[in-house]
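# Remarks on the overall topology
Residue strings, one per chain:
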Amino acid sequence: GKTIAIQNVEKKFETRTGVVQALSKVSLNIESSSFVSVVGPSGCGKSTLMNLLAGLDQPTGGTIEMDGSTMNGPQSGNAVVFQKDLLLEWRTVQGNILLPYELENRLNRKQLAEQKRKTNELLSMVGLDGFGDKYPFELSGGMKQRVSICRALIQNPSLLMMDEPFGALDALTREQMMYDLLKIYTKYKCTIIFITHSIEEAVFLSDRVIVMSPRPGSILKDISIQLERPRS
Ligand code: ADP
Ligand code: ADP
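The model shown is predicted, which means the values in this text are computed figures rather than measured ones. All chains use their own residue numbering, which begins from 1 and follows the written sequence. Lettering for chains starts from A, numbering for ligands starts from 1, and both go in the order in which the items are written. Whole-chain, interface and lining totals are the exception, using all residues; otherwise, since this is a predicted model, local features are given only for residues with pLDDT of at least 70 and side-chain atom pairs are given and counted only at 80 or more. Working from all heavy atoms in the structure, the side-chain values ignore hydrogens and water.

## Quick notes on the sheet that holds strand 10 (residues 218-224)
Read from one edge to the other, the open sheet built from 6 strands follows the order 6-7-8-3-9-10, with strand pairing classed as mixed. Each having just a single partner strand, strand 6 (78-81) and strand 10 make up the two edges of the open sheet. If you compare each strand with its neighbour and ignore which way they point, the axes differ by 15 degrees on average. Being paired, for any two strands, means DSSP has found at least two bridges between them. Numbering of helices and strands starts at the N terminus; helices are DSSP runs of H or I of at least 4 residues and strands are runs of E of at least 2. Strand direction decides the pairing type here: strand 3 (residues 35-39) and strand 9 (residues 208-213), joined by 4 bridges, are parallel. Residue pairing for strand 9: Val39 is matched across the bridge by Val211. Across the sheet, helix 1 (residues 46-53) is in contact with strand 3, strand 6, strand 7 (159-163), strand 8 (191-195) and strand 9; its angle to strand 7 comes to roughly 150 degrees. Contacts are assigned to residue pairs with any non-hydrogen atoms lying within 4.5 Å of each other. A fitted line through C-alpha atoms serves as each axis, taken over the contacting stretch for helices, and the angle formed by two N-to-C directions is quoted from 0 to 180°. Contacts from helix 4 (residues 141-153) reach strand 6 and strand 7 within the one sheet, and its direction differs from that of strand 6 by about 170 degrees.

## Focus on the confidence of the model for the chain
Looking at the chain as a whole, its pLDDT mean stands at 91, while 98% of the residues score no less than 70. We note a pTM of 0.87 for the whole complex and an ipTM of 0.74 for its interfaces. The predictor's confidence in any single residue is recorded as pLDDT, a number from 0 to 100.

## Some remarks on the layout of surface pockets
In the cavity and pocket records, a cavity denotes points on a 1 Å grid over the protein atoms alone where a 1.4 Å probe fits but cannot get out, a pocket denotes an open set with protein on both sides within 12 Å along at least 5 of 7 lines, and lining residues are residues with an atom within 4 Å of a point. Grid points are joined across faces, edges and corners, and a volume is the space filled by probe spheres set on the points. Taken as a whole, the largest pocket encloses approximately 520 Å³ of empty space. Along the wall of the largest pocket there are 22 residues; nearest its centre are Asn78, Ala79, Val80, Pro100 and Gln155. Among the secondary structure elements, those contributing two or more residues to the lining of the largest pocket are strand 6, helix 2 (93-104) and helix 4.

## Regarding the pairing of strand 9
Whether a residue is buried, partly exposed or exposed follows from its accessible area with a 1.4 Å probe, protein chains only, as a fraction of its type maximum: under 20%, in between, or over 50%, in that order. Of all 6 residues in strand 9, 6 are buried, a share of seventy percent or more. Side-chain alternation along strand 9 places Arg208, Ile210 and Met212 on one buried face and Val209, Val211 and Ser213 on a second face that is also buried. With 6 bridges joining them, strand 9 and strand 10 adopt antiparallel strand pairing. From the neighbouring strand, Arg208 faces strand 10, where its bridge partner is Ser224. Taking the residues that link successive antiparallel strands as the turn, the strand 9-strand 10 hairpin has 4 residues, and the phi of Arg215 there is positive, at about 55 degrees.

## Description of the pairing of strand 8
Burial analysis of strand 8 places 5 of its 5 residues in the buried class, which makes it a mostly covered element. Neither face of strand 8 is open: one carries Thr191, Ile193 and Ile195, the other Ile192 and Phe194, and all of them are buried. When strand 7 meets strand 8, the two strands line up parallel, connected through 5 bridges. Residue pairing for strand 8: Met161 is matched across the bridge by Ile193. Handedness is read with the strands pointing away from the viewer; a crossover is right-handed when the path from the first strand over the helix to the second is clockwise. In this fold, the crossover linking strand 7 to strand 8 by way of helix 5 (residues 171-188) has right-handed handedness.

So this is what it looks like as structure tokens:
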């Protein structure tokens, strides 16, 4: 997985009513293949931080390095999952999962077959065997979110960022998704940054919990979680 070095990052937004400072002096080093959760109240800058890490926006101060090089824009090897599944309704499950791949590569028949095989393997891992030909409207919310996780994983990301990925799901589905995500983490060994409102999810899933405080968003606590059994 990627290593991330965040140095004194600041983010200000100019709005009609003045300047909003979303982040101030955020410094954080994230080790390769660690699973880091970010928690904190609404408006503390979690999404802003993730947008910066995803390269969707630029800091107004400080630097972000990934694997030792300074970020400028979206980087290959990074994948993002949002609270909304953002699936295309007119594409099948398989078509949705292959989308990022198709956008980057012109696939020949052999590559397409290989990618379809990989899609089926991913679907099977999240308990959606045989769902490749279904359309999003035929799936429950949890299933759709599993599909969007598969769509992120087909790119073999070395950094997986998730912004409240289970936020729209019911409690039972959420619990199942936590186990799925641990399985994925064990298998893919990518670095994971997981934004959540749920301290329970954070503690259950991650090695480290970053707690942020608002106005302007900064790191309040940085908690390492001792694993009972190392996840080698
Ligand atoms: P969180 O994800 O923790 O709820 P956000 O990162 O969404 O917090 O927002 C942090 C602060 O920055 C909030 O006060 C929010 O209103 C403000 N903010 C976020 N994005 C923008 C934007 N594009 N323009 C102006 N203000 C913004
Ligand atoms: P979350 O709590 O998940 O961050 P928000 O509703 O705070 O969700 O933000 C959703 C999106 O709207 C974010 O991408 C953020 O950048 C943007 N946003 C948040 N606050 C503002 C704002 N005051 N002005 C413009 N955009 C904003």
